[in-house]
Structures are given as C-alpha cells and as structure tokens.
Amino acid sequence: MIRTGKYPNLRLRRNRRNTWVRRLVRENTLSTDDLIQPIFIVEGRNKKIPIKTMPGIFRYSLDKLDTYVKNLINLGIPLIALFPYIEKKYKDSYGSEALNKNNLICRATHLIKKKFKDKIGVMCDVALDPYTSHGHDGILKSNYVDNDETIRFLIEQSLIQAKAGCDIIAPSDMMDGRIGLIRKALEKNNFKDVKILSYAVKYASSFYGPFRDAVGSKSLLKSDKKNYQMDFSNSDEALREVSLDIKEGADMVMVKPGLPYLDIIKIVKEKFKIPVIGYQVSGEYSIIMNSINKGIVDDKIIEETLVSFKRAGANAIITYFAEKIAKKL
Ligand code: PBG
C-alpha cells in the first residue's frame, strides 16, 4: 500500500508547479541510448526511394548507407536494424536468397561493420519473408509453414549473417525451438559473442502492413500469419514464449507491436528481469505520422509514445522515429 497524506497537507500539484521541479521528480526519461533505427535497403546505386505508406522513410542503396549511418552514429544511436527489399526475380518458394552469402543484407552488414566497427551495432532479422515468393516467414508444406524445416534455413541464415559481422541476430519468424538451435549453431561455429534478440512475443498484427510494403512482400502474401504469430487476445502465452526463449539462450527479448501491447512489456519485465525491447512497428509509425502531417496532432506525441514504452519497462525501442527524435534530444 502506498502511504499518502491528505489534502491540504498534501497537494500533488506542488511538484508539478515549475519546470525544474518536474525535471527533478521525473520518473522516466528518454535518451538516444534507448533508440534503435530500422533501415530498409535496396539493390542499386544512388537510390533513396520513398516508401509510399511510410511518410519520411526511405529505401537506401548501399552507397547511400554510409552517410546515413554516420549521421545516426553522430546522433548517438547505438543500434540499427537492417531490412532488405528483395527484387521479385530473386524470390522463390524457399527464400533461397536468404542463404546467399553475398546477399544485400550481408553486403550491407559487412560494409557498415568494416567502416564503423564498434561505433554502432548492427542487428539483422532472421526470417524468410523478404525472400519468399509467398511472403511467409518459412517453408510451406501443403500450405502450412513447416516448423522444423524452416529452422534448418534459419540456422543457415543466422550463420551467414554472423559471418558478415552482424552483432545481433533477431529471429522474427516465431518458429518453435529456433532460438536454442540457432544458439547452438552460433556456439559451434565460434560466434560466441553474437547476441540473440528474440522476437519472443510477436503478435499476428495488422500493424505490419506498411513494413510488408517496404520489404516488398505485401502483394505476395495471400493469407495471414496466425498459425505462427501470436493471437492478440493472449497474454499468459507471452510469458510462456519468453520463458522458453530465455532457456534456449536469448540475450534480450522483444515485444511487438508496441503501443497496443505495453501491458505485455510490463509483465515480461516484471517477471523475467531481462532486457526487453519494444518495437513501435510500421503501422504505428504511419498512423502517427499521417496524423501529424494532417495537423490533427502535434509532433510532441512522438516523444509521449516513446516515453510510455520506458514507463512500461522497455530498455530500448525500435522505432522509425529514432533519427528524428535523436535530433531533438
Ligand atoms: C518479418 C518482420 C515483420 C516485421 C519485422 N520483421 C513483418 C511480419 O512479420 O509480417 C514488422 C515490422 C514493422 O511492421 O515495422 N518477419
């Protein structure tokens, strides 16, 4: 029980009266250390292609990546998450391009790590959806994503990304058991320091729409991902997912989407005391950005949403606003 006084001895407004006192008693703050910037990359030269459904977000070709990443480093952002836009001609039902050591993601990772070393961390998604002709995260067998067959691909994908220099492997596929098997493969291949950020709690969400557009899988995906991503009605199940992934060797866990799932961030943090990363996903970004652009709300809501992740217990936030907010902070 919280012991409290009584009015008029107690006037809670006293501590809100001045900026300095508000600063003094503030419980949560946002810093650039909390921000992870997702970056979409594309094949070609001199490209910075706007993504229609994500105002202010672009796909960069590798020659443009340099300047962009340097800018993020100067802003103090500790980590970037790379996502590839793969041309249709490189997609097949197995997502074979994901296992090409020279694919876009591996070249980008290698380039950034070679140039910037430990000045910034690089995180890569492990899942096949940018690479498959059907837009699913894994291998289809009779129209069902086959768990164990998919993991075999994910292990290879993790290893080639680790080889390219990736600091954090982030499996976003939601297959059962993949964290343990990926961890084992990393150990065996002497990638002992490569971290695993598991998308442990990933809901089947309509908030991913603009992202699928950005990586070019939207028009290919004919069904939904409900038989591998979580039902948004559940929260006990989230704890089971996290507990499994921790046992299997995850260093950090993610909850995704963000704002509608702050309750999940809170219970995961309270129960497991592990680094928890919230993902403010593409749909959240676009809804907010469109409302700002239309003048419906002030852009101060960006910071308000990000602090709410911190209040819920997130250690950091993957957000398409990272660069923009870092400039303000
Ligand atoms: C791929 C992946 C998705 C996102 C991150 N990794 C989409 C999906 O699962 O369909 C969504 C990110 C966002 O919406 O910003 N597995």
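Residues numbered from 1 in each chain as written. Predicted model: local features only at pLDDT ≥ 70, side-chain atom pairs only at ≥ 80, totals over all residues. Heavy atoms only, no water.

A. Highlighting the site of the ligand. Around the ligand sit 18 residues, and of these Lys-202, Lys-225, Lys-256, Ser-282 and Tyr-320 come closest. Take Asp-137: an N or O atom from its side chain is 2.9 Å from a nitrogen atom of the ligand. One of the side-chain nitrogen or oxygen atoms of Gln-229 is found 2.9 Å away from an oxygen atom of the ligand. Across the complex, the protein chains shield 99% of the 400 Å² of accessible surface that the ligand would expose by itself. Going through the elements one at a time, β9 (195-202) and α6 (209-214) are the ones with two or more residues in the shell around the ligand. Of the residues belonging to the shell around the ligand, the class tally is 8 nonpolar, 3 polar and 7 charged. (Near = heavy atom within 4 Å. Polar contact = N/O pair within 3.5 Å; in protein donor to acceptor, adjacent residues only side chain to side chain. Areas by Shrake-Rupley, 256 points an atom, 1.4 Å probe, with all protein chains shown as cover. Helix = DSSP H or I, 4+ residues; strand = E, 2+ residues; numbered from the N terminus. Nonpolar A, V, L, I, M, F, W, Y, C, P; charged D, E, K, R; others polar.)

B. Here's a closer look at the pattern of salt bridges. Tallied over the entire structure, the rule returns 16 salt bridges. The salt bridge involving Lys-266 is made with Glu-270; its shortest N-O contact spans 3.7 Å. Note that Lys-266 and Glu-270 are positioned in helix α8 (residues 262-272) at a spacing of 4 residues, about one turn of the helix. In this structure Lys-266 comes out as partly exposed when scored by relative accessible area, which is 42%. Through salt bridges that share partners, Lys-113, Asp-118 and Asp-167 make up one connected network. (Salt bridge = Lys/Arg side-chain N within 4 Å of Asp/Glu carboxyl O. Buried < 20%, exposed > 50% of the residue type's maximum accessible area, 1.4 Å probe, protein only.)

C. Quick peek at a nonpolar patch on the surface. Residues Trp-20, Leu-24 and Val-25 make up a contiguous nonpolar surface patch of roughly 350 Å² in combined accessible area. Secondary-structure assignment places Leu-24 in helix α1 (residues 19-25). (Patch = residues over 30% accessible without salt bridge, like charges linked within 9 Å, V, L, I, M, F, W, Y side chains within 5 Å.)

D. View of the nonpolar core. Ranked by size, the top nonpolar core spans 104 residues in total, and within it Ile-39, Phe-40 and Met-123 carry the most contacts. The dominant element in this core, judged by the number of residues it contributes, is helix α2 (residues 62-75), at 7 residues. Apart from the residues lying within four places of it in its own chain, the contact partners of Ile-39 are Tyr-60, Leu-65, Tyr-68, Val-69, Leu-72, Ile-80, Ala-81, Leu-82 and Phe-83. (Core = buried A, V, L, I, M, F, W, Y, C linked by side-chain atoms within 4.5 Å. Contact = heavy atoms within 4.5 Å.)

E. Broad picture of α8. Taken together, the buried positions of α8 are Leu-262, Ile-264, Ile-265 and Val-268. With its buried residues spanning 155° around the axis, α8 presents them on a single face. Contacts from the buried residues of α8 go to β9, α7 (236-248), β10 (252-256), β11 (276-280) and α10 (300-312). Where α8 ends, the next residue or the one after it, Lys-273, has phi of about 50°, a positive value. (Arc of directions from axis to C-beta.)

F. Up close: helix α5 (residues 178-188). Those residues of α5 that fall on the buried side of the exposure criterion are Arg-178, Ile-179, Ile-182, Arg-183, Ala-185 and Leu-186. For α5, the angular spread of buried residues about the axis comes to 165°, placing them on one side. Set apart from the buried face of α5 by more than 90 degrees, the exposed residues are Lys-184 and Lys-188. The secondary structure elements touched by the buried residues of α5 are β5 (121-126), α4 (147-163), β8 (168-171), β9 and α7. Once α5 finishes, Asn-190 follows within two positions and takes phi at roughly 65°, a positive value.

G. Highlighting the environment of Ile-301. In this structure, Ile-301 sits in helix α10. Ile-301 sits in the partly exposed class, given a relative accessible area of 23%. In this view, Ile-301 contacts Ile-288 and Ile-292; residues no more than four positions away in its chain are not counted.

H. Main features of unusual backbone geometry. The peptide bond linking Tyr-7 to Pro-8 adopts the cis configuration, its omega dihedral lying at 5°. The residue Pro-8 is located in the segment before α1 in this model. Of note, the amide linkage connecting Lys-256 to Pro-257 takes the cis form, showing an omega dihedral of -5°. When you line up the elements, Pro-257 lands in the loop between β10 and α8. Residues other than glycine seldom take positive phi values, yet Ser-142 does so here, at roughly 45°. Checked against the element boundaries, Ser-142 lands in the loop between β6 (140-141) and β7 (144-145).

I. Broad picture of a positive patch on the surface. On the surface, a cluster of positive charge is made up of Arg-11, Arg-13, Arg-14, Arg-16 and Arg-17. Note that Arg-16 resides in the segment before α1. (Lys, Arg positive; Asp, Glu negative; His and termini not counted. Charge placed at Lys NZ, Arg CZ, Asp CG, Glu CD.)

J. Examining the pairing of β10 more closely. The buried fraction of β10 amounts to 5 of the 5 residues, a majority that puts the element mostly inside the structure. By the bridge criterion, 4 bridges tie β9 to β10 in an arrangement that is parallel. Residue Lys-202 lies in a different strand from β10, and its bridge partner there is Lys-256. Judged from the 3 bridges that link them, β10 and β11 form a sheet pairing that is parallel. Considered in β11, the bridge of Val-253 is made with Val-276. Once the chain exits β10 it traverses α8 before rejoining the sheet at β11, and the crossover so formed is right-handed. (Pairing = 2+ DSSP bridges. Right-handed = clockwise from strand over helix to strand, strands pointing away.)

Geometry only, nothing functional implied.
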